[in-house]
Amino acid sequence: SIVYLDGQWLPADKAKVSVFDRGFLFGDSVYEVVVVYNRQPFRLEQHLSRLSRSLEETGIPNPLGLHEWRFLIERLIDQNEGDHQSIYIQVTRGVTESRTHNYPTNITPTVFAVSKPISSKSTDTRLNPSCSAILLEDIRWSRGDIKSTSLLGSVLLKKVVYESGKDEGILHRDGFITEGTASNIFIVSQGAIVTPELSEWILTGITRDFIFELANRYNVPIESRPVSVVELTQADEVWLTSSTAELRAITELDDKPVGNGNIGPMWQRMAELYQRHKA
Ligand code: PDD
């Protein structure tokens, strides 16, 4: 694949970053994942504005303007194969002369972007609907609202999930649900869609926002508020959302069926709307 690195377009194996890049040394960097359907980026505007916020919160100057970002993404899509793609964008604070925690303010951020094709199966949520999950204590840091590449907590948790043979970990803190290891979590309870309210513990998912938009538009009751572990285990339906997973039903939680163990009617309805409006 052809990747973008600091103003250059290169084959992936020719793209090299310094060992003193702070992204490498400290995880001092932020990222975005954007999906492309039929060669069009989905919700690019929202992803770029979240990227801009992550940079602001981190004190990394945004290296590109909105038009430059758009142009970069368009070129990346053009130069890579696949009608459907998953794009990864990373901005690190840049390279320093030696390793020091404190950073000078005059360094140039490193910008990297890569695309990979995704199968059409993973672009229609209805073809790949259900999955399993386990509950895990949220061991991550308290700025989950920043989409940072400092992901050791998520990586360690995901390993536990993988070894359990399940698909995702639902994380909780002080008895309440935060999010998944790489997704936002929703439940259906008493006919309404419920998801944990935004806080410094969770990411403002672009897909999460999309679900709110769809629900509001079609008058489906939806609210964001604290969701306890107890409420989760008694829910009629549990879902996860992310750009790449779209909307998936979690039908098994800690080896027990969620609701009656089948995909629920609310999921069916929202997945239908998702598919219809995502283009
Ligand atoms: N993950 N929460 C976390 C911790 C995430 O990593 C993600 C996305 C989400 C969902 O966000 P969105 O709907 O904007 O994709 C929530 C990406 C896809 C990843 O890490 O690959």
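Residues numbered from 1 in each chain as written. Predicted model: local features only at pLDDT ≥ 70, side-chain atom pairs only at ≥ 80, totals over all residues.

1. Details of the domain arrangement of the protein chain
Its domain assignment divides the protein chain into domain 1 (2-119) and domain 2 (125-277). Taking the mean C-alpha position of each, domain 1 and domain 2 sit 26 Å from one another. With 18 residues of domain 1 in contact, the opposing surface of domain 2 contributes 11 residues. Contributing elements (two or more residues each) for the side of domain 1 that touches domain 2: β3 (29-37), α2 (44-58) and β5 (85-92). For the side of domain 1 that touches domain 2, the per-class residue count stands at 5 nonpolar, 9 polar and 4 charged. (Domains from an automatic or database assignment. Contact = placed C-beta atoms within 7 Å. Helix = DSSP H or I, 4+ residues; strand = E, 2+ residues; numbered from the N terminus. Nonpolar A, V, L, I, M, F, W, Y, C, P; charged D, E, K, R; others polar.)

2. Concerning the environment of Asp255
As for its position among the elements, Asp255 is in the loop between β14 (246-253) and β15 (256-257). We classify Asp255 as exposed; it has 9 C-beta atoms within 10 Å. (Buried ≥ 20, exposed ≤ 12 C-beta atoms within 10 Å, placed from the backbone.)

3. Describing the confidence of the model for the protein chain
The predicted model of the protein chain has a mean per-residue pLDDT of 96, with 98% of residues at 70 or higher. Scoring of the predicted complex yields 0.96 for pTM and 0.97 for ipTM. (pLDDT = per-residue confidence, 0-100.)

4. Structural notes on the site of the ligand
In the neighbourhood of the ligand, 14 residues make up the surrounding shell, with Ala182, Gly205, Ile206, Thr207 and Ser243 lying closest. For the shell around the ligand, the secondary-structure elements that each account for two or more residues are α5 (206-217) and β13 (237-242). At 3 residues, the largest contribution of residues to the shell around the ligand is made by α5. Counted by class, the shell around the ligand contains 4 nonpolar, 8 polar and 2 charged residues. (Near = placed C-beta within 6 Å.)

5. Comments concerning the sheet that holds β5
The strand order β2-β1-β6-β5-β3-β4 describes an open sheet built from 6 strands, whose pairing is antiparallel. Single-partner strands in this sheet number two, and they are β2 (8-11) and β4 (40-41). Alignment of strand β1 (residues 2-5) against β2, held across 4 bridges, turns out to be antiparallel. In the sheet register, Ile2 faces β2, and the bridge partner there is Pro11. Packed on one face of the sheet, α2 meets β3, β4 and β5 and runs near 175° to β3. (Pairing = 2+ DSSP bridges. Axes fitted to C-alpha atoms, helices over the stretch in contact; angles between N-to-C directions.)

6. With respect to the nonpolar core
With 33 residues, the main nonpolar core has Ile187, Trp239 and Met270 as its most contacted residues. Listing elements by their share of this core, those giving two or more residues are β8 (168-173), β10 (184-189), β11 (192-195), α5, β13, β14 and α7 (265-277). Ranked by size, the runner-up nonpolar core spans 19 residues in total, among them Leu55, Leu76, Ile89 and Ala113. (Core = buried A, V, L, I, M, F, W, Y, C linked by C-beta atoms within 7 Å.)

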